[in-house]
Amino acid sequence: MSIPLPQSPHLSQLLLSETSIGSGLRRSNLPILQPQTLHLGHLPTVEPSIHLPLCHKSLPDALILLLSSPRPCTRQGSGVPVPGSGATIFALSSGHGRCGIAVIRTSGPASGHALRSLTAPRDLPPARSACLRLLSHPRSGEPLDRALVLWFPGPQSFTGEDCAEFHVHGGPAVVSGVLQALGSVPGLRPAEAGEFTRRAFAHGKLSLTEVEGLADLIHAETEAQRRQALRQLDGELGHLCHGWARTLTKALAHVEAYIDFGEDDNLEEGVLEQGGSSKGWGHLVSQPPEAPSLPPLRFLPSTANSEVRELQLALGAHLRDARRGQRLRSGAHVVVAGPPNAGKSSLVNLLSRKPVSIVSPEPGTTRDVLETPVDLAGFPALLSDTAGLREGAGPVEQEGVRRARERLEQADLILAVLDASDLASPSSCNFLDTVVAPAGAGSPNGNGQRLLLVLNKSDLLPPGGPDPSPNLRPHLLLSCLTGEGLDGLLEALRKELAEVCGDPSTGPPLLTRARHQHHLQGCLDALGHYTQTKDLALAAEALRLARGHLARITGGGGAEEILDIIFQDFCVGK
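These figures come from a predicted structure and were not determined experimentally.

Let us now look at the overall build of the protein chain. Scanning the protein chain from terminus to terminus reveals 18 helices and 17 strands. Taken across its 574 residues, the protein chain has 50% of its residues classed as buried. Restricting the contact set of the protein chain to residue pairs at least 6 apart, pairs at least 24 apart contribute 68%.

Have a look at this one:
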C-alpha cells in the first residue's frame, strides 16, 4: 500500500533529514522515502483516526495519517501466505453421517470450472442464487444427485475467492460420489482442516480474533459460550484493539515528529506546545544531567500522553478480569465438597443429569475425584465430586481426602454440602471450621474462590419447622431426593458463575485466549517502559512495541506456528 505525497520540496527534505541527538546522528525511525511515495506495507494495519491535509506545517498530524495506514471500506488481506493458495479446495462442510441435506463447497480459481463440470446445463447460475441442477460425474457422465447449487464469485464470498456450494442429499453414497467427482476435476484437491477459514483470514475477510470467535461458536455448548463467541465473531475485541492502536499511533506520531522535526522553524505554531503540563511528556523532553549534549527540547502535547495513561488503565482493567473469558470458553471448575455421607454424589448426579457417581448410605463410598463437564444455568463447568473430608480413615480413603483438598485449592467455585439433619456432628462442625468459615472471611489462598453453602436432605427436616441453622452464613436448602430447592440452587449458581466467567451479554469483550492476555500484558509492559524512560528514541521504540503487541492480537505480524495452532481447531470443510 502506498500514499502519494504532495509536491513539496520542504516535506521531502524534512522526511529524509537527520536530527542531531547527543554526540551523534540519528536517522528518522520512518523508512527511507522516495520524494513522492511512502510505502506502509510493513506497518500494522489500524483504522485511521485523523484525516488532515498532508503538509509540512502540520507534521504531527501528517505523521498520524501516515502511521495510521488508512484502509478502504473493504478489508485488506492479512498478508499471511496461505499454504497451497493457488489450488482450489473442496470438502464436506456439514457434519458426517446420514442427514437430510449435506453441504459440499469449493474455494479457489477453479470453482467455476468445477461447478460447470458437474452440472447440466453447463452455464454458471446467477451469483448468490440457489438453482436446482442435475449433478453428473464429469468423466463418466453418470448421474449423481439432483441438488441445489450456489455460485459465490470472489471477492464477495466467505473466503474472498470464487466459491461454489452443492446442497446434496445427505446419504453417505451421494456425498462420497460427489466428493469423488470433484476430486477428478483438474486443479481441485481436498481441503485441510480449517483451510477455508484460513483463506478468509488471509484475504482480509476475518481478523484473527474473529477467526477465534468462529471456532468458539462452532464448539459452543452453552448459551453463555454462544453469546461470547458471537460477540467476538462480530469483531468487538478486534475493534477495541484497533481503537487502542489508534491511540498509540497518535502518541508515536507526536514523538517521531519531535525527534525528526523538533528544531525546524517551519513548524506551525502550536503543533508542539510550549510549556506543557507537568503531567504531560515533560519527563521525556527535559534535560537529563547525564547527557549534557542533548539540546533543550520543548514540551510535547499532553493530550496524547493522557490518552496513553488512560490506555494503561484500560489494559490493566482487562488483565484483572481473573481469566473470566478463558473460564467461559473452557469451563469453570466447580468442586462439590463436604463431610462423608452429606449427599455430594447425589448432588453431582442431579446437576449432571446422569449417574456419574455411586450413591450409597455407607460413608466413604467416593474415594477419588470424579469429574464431568456440565451446563450449569447456561454456563460451562467442570463438576468434581470429591471424597468426604474426615480424619482417621484408611490409607486409600486418606489419599482421596488429600486429592479432595487439592481440588479445593484449584476450585473457581466450591459447592459446600452438609446434611441439614446432622449439623451438630463432629465431621460437619470440622468442615464448617476448616472450609466454610475461611471462605466466608475471604479466600484463604487469595485466588478469588467463591463458595455456596448447600444444606442437603431438607426432606428429613420436620415440615414447617424453624431454620435448622439460624447462625450459619447464607445457605440454600435442598433435597436431592425430591428435587425441592433445585431451582433456587440453579439461580444461585447462575449468579456465581456470571461473576466467575463474566456475563457475555454485557460489558467489554472478554479475553478468551491465553495469547490475548500475553499480548495485552506485553503492551502494558511496553507502556510502562515508555512512561519511565527519559530518552525520546527509547520512548518511540516502546510505543512501537506496544502497538505491535496489539496488532498481533488481531493477526498482524503473527508467527506462522501460532496461526497453525489456531486453525487446527477447525474441522475439515470450515
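There's more to say after this.
Once that is clear, we can look at the pairing of strand β15 (residues 413-419). Most of β15 sits inside the fold, with 7 of its 7 residues counted as buried. Residue alternation in β15 divides its side chains into two sets, Leu-413, Leu-415, Val-417 and Asp-419 and Ile-414, Ala-416 and Leu-418, and both sets are buried. In this sheet, β15 lies alongside strand β12 (residues 332-337) in parallel orientation, the contact comprising 4 bridges. Bridged to Val-336 within β15 is Leu-415. Direction of pairing for β15 relative to strand β16 (residues 450-456): parallel, over a ladder of 7 bridges.

On to the packing of aromatic side chains. For the structure shown, the criterion picks out 0 aromatic pairs. Positioned over the ring face of Phe-196 is Arg-105, at 4.5 Å from the centre of the ring.

The next thing to look at is the packing of helix α16 (residues 514-532) against helix α17 (residues 536-554). Contact pair α16 / α17: the axes reach a minimum separation of 8 Å and the direction vectors enclose 170 degrees. Relative to α17, the element α16 lies roughly antiparallel. Seen from α16, the contacting residues are Arg-515, His-516, His-519, Leu-520, Gly-522, Cys-523, Ala-526, Leu-527, His-529 and Tyr-530; seen from α17, they are Ala-539, Ala-542, Leu-543, Leu-545, Ala-546, His-549, Leu-550, Arg-552 and Ile-553. In the contact of α16 with α17, the residues fall into 12 nonpolar, 5 polar and 2 charged.

Further remarks concern the sheet that holds strand β6 (residues 99-107). Pairing is mixed across the open sheet formed by 7 strands, whose spatial order is β7-β8-β9-β10-β6-β5-β11. Only two strands of the sheet have a single partner each, and these edge strands are β7 (119-120) and β11 (188-190). As paired elements, strand β9 (residues 143-152) and strand β10 (residues 163-170) share 5 bridges and run antiparallel to each other. Along β10, the bridge assignment pairs Trp-151 with Ala-164. Packing of helix α4 (residues 172-183) onto the sheet brings it into contact with β5 (88-92), β6, β8 (131-136), β9, β10 and β11, and relative to β10 it is tilted by some 150 degrees.

On to the pattern of salt bridges. This model, assessed by the stated rule, comprises 23 salt bridges. Among the ionic pairs, Glu-223 bridges to Arg-227, the shortest N-O distance being 4.0 Å. With Glu-223 and Arg-227 both in helix α7 (residues 223-233) and 4 residues apart, the pair spans about one turn of that helix. Its relative accessible area of 38% is what places Glu-223 among the partly exposed residues. What makes Arg-227 partly exposed here is its relative accessible area of 35%.

Turning our attention to helix α5 (residues 195-202). Buried residues dominate α5, accounting for 8 of its 8 residues. Every buried residue of α5 is listed here: Glu-195, Phe-196, Thr-197, Arg-198, Arg-199, Ala-200, Phe-201 and Ala-202. Directly after α5, the chain includes Gly-204, whose backbone phi takes a positive value near 80 degrees.

What follows is about the pairing of β16. A large share of β16 lies buried, amounting to 6 of its 7 residues. With 3 bridges connecting them, β16 and strand β17 (residues 475-477) associate as parallel partners. Residue Leu-453 lies in a different strand from β17, and its bridge partner there is His-475.

Turning next to the sheet that holds β16. Read from one edge of the open sheet, 6 strands run β13-β14-β12-β15-β16-β17, paired in mixed fashion. Whereas interior strands pair on both sides, the edge strands pair on one side only; in this sheet they are β13 (370-376) and β17. Each strand axis lies, on average, 25 degrees off the axis of its neighbour in the sheet, ignoring direction. Where helix α12 (residues 344-352) meets the sheet, it contacts β12, β13, β14 (379-385) and β15, and its direction lies at approximately 155 degrees from that of β14. In the packing of helix α15 (residues 486-501) onto the sheet, the strands contacted are β12, β13, β14, β15, β16 and β17, and the crossing angle to β16 comes to about 170 degrees.

Of note, Asp-145 is situated in strand β9. Summary of buried charges: Asp-145 has no salt-bridge partner, and the nearest side chain of opposite charge, Arg-146, is 7.3 Å away. There is a polar contact of 2.9 Å between the side chain of Asp-145 and the side chain of His-169. If we ignore the near neighbours within four places in the chain, the residues touching Asp-145 are Arg-133, Leu-134, Leu-135, Val-168, His-169 and Val-174.

Below, the discussion takes up the nonpolar core. Val-334, Leu-347, Leu-351, Leu-376, Leu-415, Leu-489 and Leu-493 are the most contacted members of the largest nonpolar core, which totals 30 residues. Of all the secondary-structure elements, those providing two or more residues to this core are β12, α12, β13, β14, β15, β16 and α15. With 8 residues, α15 is the largest single contributor of residues to this core. Ranked by size, the runner-up nonpolar core spans 28 residues in total, among them Val-255, Ala-539, Leu-543 and Ile-553.

So, about the confidence of the model for the protein chain. For the protein chain, the mean per-residue pLDDT works out to 76, and 71% of the residues sit at or above 70. Of the regions scoring below 50 in pLDDT, residues 443-447 engages in 8 contacts with residues more than four places distant in sequence or in other chains.

Turning next to unusual backbone geometry. Going from Gly-154 to Pro-155, the amide bond is cis rather than trans, its omega being 5 degrees. Positioned with a positive phi, Asn-341 is a non-glycine residue whose angle comes to about 65 degrees. With respect to the helices, strands and loops of the structure, Asn-341 is situated in the loop between β12 and α12. For Asn-341, a relative accessible area of 31% gives the class partly exposed. Even without being a glycine, Arg-353 presents a positive backbone phi close to 60 degrees. If you trace the backbone, Arg-353 turns up in the loop between α12 and β13. We classify Arg-353 as exposed; its relative accessible area is 66%.

This brings us to the side chain of Ser-357. When you line up the elements, Ser-357 lands in the loop between α12 and β13. The exposure class of Ser-357 is buried, given its relative accessible area of 7%. Here the side chain of Ser-357 touches Asp-385 through a polar contact of 2.7 Å, side chain to side chain. Not counting chain neighbours up to four residues away, the residues in contact with Ser-357 comprise Ser-345, Val-348, Asn-349, Leu-370 and Asp-385.

Our next topic: the environment of Asn-430. Looking at where Asn-430 falls in the secondary structure, it is placed in helix α14 (residues 426-440). A C-alpha to C-alpha distance of 8.6 Å links Asn-430 and Pro-339, two positions 91 residues apart in sequence.

Conventions and cut-offs
Residues numbered from 1 in each chain as written. Predicted model: local features only at pLDDT ≥ 70, side-chain atom pairs only at ≥ 80, totals over all residues. Heavy atoms only, no water. Helix = DSSP H or I, 4+ residues; strand = E, 2+ residues; numbered from the N terminus. Buried < 20%, exposed > 50% of the residue type's maximum accessible area, 1.4 Å probe, protein only. Contact = heavy atoms within 4.5 Å. Pairing = 2+ DSSP bridges. Phe/Tyr/Trp six-rings, centres within 6.5 Å; stacked < 30°, edge-to-face > 60°. Lys NZ or Arg CZ within 6 Å of the ring centre and 35° of its normal. Axes fitted to C-alpha atoms, helices over the stretch in contact; angles between N-to-C directions. Parallel < 35°, antiparallel > 145°, perpendicular 65-115°, else oblique. Nonpolar A, V, L, I, M, F, W, Y, C, P; charged D, E, K, R; others polar. Salt bridge = Lys/Arg side-chain N within 4 Å of Asp/Glu carboxyl O. Lys, Arg positive; Asp, Glu negative; His and termini not counted. Polar contact = N/O pair within 3.5 Å; in protein donor to acceptor, adjacent residues only side chain to side chain. Core = buried A, V, L, I, M, F, W, Y, C linked by side-chain atoms within 4.5 Å. pLDDT = per-residue confidence, 0-100.

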